[in-house]
Amino acid sequence: MTKRNLKSCSLSGLTDIVQELGLEQYRAAQLFQWLWQKNAREFSQMTNLSKGTRDLLDEKFYIACIGTVEQQRANDNTRKFVLELADSNAVEAVFIPEGRRRTLCISTQVGCALGCKFCATGLLGLKRNMEAWEIASEVQLLLTAGGERITNIVCMGMGEPFLNTEQVFAAIEIISSPTGLAVSQRHTTISTAGVIDGMRQLIASTLKVKLAVSLNFADEALRREMMPVSRKNPLKEVLKLAREYSEKKHMVTFEYVMIGGVNDSLKDASRLLELLRNIPSKINLIPYNEHPGLSFEKPDPKKFTAFHEELLRSRHTVTVRKSKGQDILAGCGQLAGSGSTTKKDT
Ligand code: SF4
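Residues numbered from 1 in each chain as written. Predicted model: local features only at pLDDT ≥ 70, side-chain atom pairs only at ≥ 80, totals over all residues. Heavy atoms only, no water.

1. Some details on the site of the ligand
Line of reasoning, step 1. Every residue lining the ligand is accounted for by C112, L114, G115, C116, C119, T121, G122, G159 and A193.
Line of reasoning, step 2. Per-class residue counts for the shell around the ligand are five nonpolar, four polar and no charged. (Near = heavy atom within 4 Å. Nonpolar A, V, L, I, M, F, W, Y, C, P; charged D, E, K, R; others polar.)

2. A closer look at the packing of helix α4 (residues 132-143) against helix α5 (residues 165-176)
Line of reasoning, step 1. At their nearest, the axes of α4 and α5 sit 8 Å apart, and the two run at 45° to each other. It follows from the interaxial angle that α4 and α5 lie oblique. Remark: the crossing between α4 and α5 carries right-handed chirality. Here A132, I135, A136 and V139 of α4 lie close against α5, whose contacting residues are Q167, V168, A170, A171, I174 and I175.
Line of reasoning, step 2. In terms of residue class, the contact of α4 with α5 is made up of nine nonpolar, one polar and no charged. (Axes fitted to C-alpha atoms, helices over the stretch in contact; angles between N-to-C directions. Helix = DSSP H or I, 4+ residues; strand = E, 2+ residues; numbered from the N terminus. Parallel < 35°, antiparallel > 145°, perpendicular 65-115°, else oblique. Left-handed = near helix turned anticlockwise from the far one by under 90°. Contact = heavy atoms within 4.5 Å.)

3. Considering the pairing of strand β6 (residues 101-106)
Line of reasoning, step 1. Counting buried positions over the six residues of β6 gives five, a clear majority of the element.
Line of reasoning, step 2. Across five bridges, strand β5 (residues 90-98) lies against β6 in antiparallel orientation. Residue pairing in the sheet places I96 in a bridge with T103 of β6.
Line of reasoning, step 3. Linking two consecutive strands that pair antiparallel, namely β5 and β6, is a turn of two residues; a positive phi of about 60° is found at G99 within it. (Buried < 20%, exposed > 50% of the residue type's maximum accessible area, 1.4 Å probe, protein only. Pairing = 2+ DSSP bridges.)

4. Here's the deal with the side chain of S177
Line of reasoning, step 1. Along the polypeptide, S177 turns up in the loop between α5 and β10 (188-192).
Line of reasoning, step 2. Judged by relative accessible area, S177 falls into the buried class, the value being 11%.

5. Some words on the sheet that holds strand β11 (residues 210-214)
Line of reasoning, step 1. Spatially, β3-β4-β5-β6-β9-β10-β11-β12-β13-β14 is the arrangement adopted by the ten strands of the open sheet, whose pairing is mixed. Strands with a single pairing partner mark the edges of an open sheet, and in this sheet they are β3 (67-73) and β14 (317-320). Within this sheet the neighbouring strands show an average axis-to-axis angle of 20°, counted without direction.
Line of reasoning, step 2. Pairing of strand β13 (residues 281-287) with β14 involves four bridges; the strand directions are parallel. Considered in β14, the bridge of K282 is made with T317.
Line of reasoning, step 3. Most of the contacts of helix α10 (residues 301-312) go to β13, to which it runs at about 175°, and overall it touches β12 (252-258), β13 and β14.

6. Observations regarding the pattern of salt bridges
Line of reasoning, step 1. In the structure shown here, the tally under the stated rule is 17 salt bridges.
Line of reasoning, step 2. Close ionic contact of E247 with R243 constitutes a salt bridge, the shortest N to O distance being 2.9 Å. With E247 and R243 both in helix α8 (residues 235-248) and four residues apart, this pair spans about one turn of that helix.
Line of reasoning, step 3. By relative accessible area, R243 is classed as partly exposed at 36%.
Line of reasoning, step 4. Between R277 and E274 there is a salt bridge whose closest N-O contact spans 3.3 Å.
Line of reasoning, step 5. Using a relative accessible area of 49% as the deciding quantity, one classes R277 as partly exposed.
Line of reasoning, step 6. Through salt bridges that share partners, D197, R200, E237 and K240 make up one connected network. (Salt bridge = Lys/Arg side-chain N within 4 Å of Asp/Glu carboxyl O.)

The analysis is restricted to geometry; functional conclusions fall outside its scope.
Structure below.
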């Protein structure tokens, strides 16, 4: 009989399993805690289950895990992790400590199909979607093996979360569950390049996460050229849904990666403000992080300041994302692991 990965089961899936096995209902929560809070790798570690129950589970299930193959620390203490999945594919996660805020940026796909012209991950293409348990395991690995406290999670690493919506939503349930990894949904952000279907699903869902839209270009023709996703996901509809999200759930954040000589003029700033005029929202300005595989450049600091000052004249809250981890290529848009691994150290 083929064994199933118990970690791929949600809490309600475990409830069905304990029922099928003739165990008490409360065992489902115990199992979930062992898997996610106590990071059990073997059924023999589950000491509050009887030997008979552990043997029964062992007959039918196994516990899968992901591993760290490489870890780099930047001068600013940002840490990039290359994580090996069971099929030897690799994804990257980045831990960014900043004062009391300790953010983990996680991947949701191996590679990315969207091919934004300025993004190193886009060069990889899509290898496959990650499963919910793999996405949640990125967080678990940092909490346990990395020994870190995590205050915030952003789905902003490799991949487009809304092209893997079902698994991302299931991962957030594990991550936020009090019997799981217990990181609040209010401190979790899904960042999308503007995939309309996923935005609609998030609005309709019961999730209470924050939403960020990677806007980057206020000129629609330029946006279509630089972000091919916008050809099938018109900006007008993306902005309409962003506004709906702000009104119904949380204030949306628009990310604007400023690329030298491409979208950094004062005219671009005015266009951006015009686009967002009726949308309660924050704007997060991100100076472009250069990558050896791409020819785009970071913005001139004077132009960046002038753009920023122009935005500050609006009613939006405007933040500037400091470039973190650039010396280890851990910055936004720089994640481009080889996609498969050769084990170095764990
Ligand atoms: S910016 Fe995001 S959506 Fe675009 S290619 Fe990179 S990872 Fe994919």
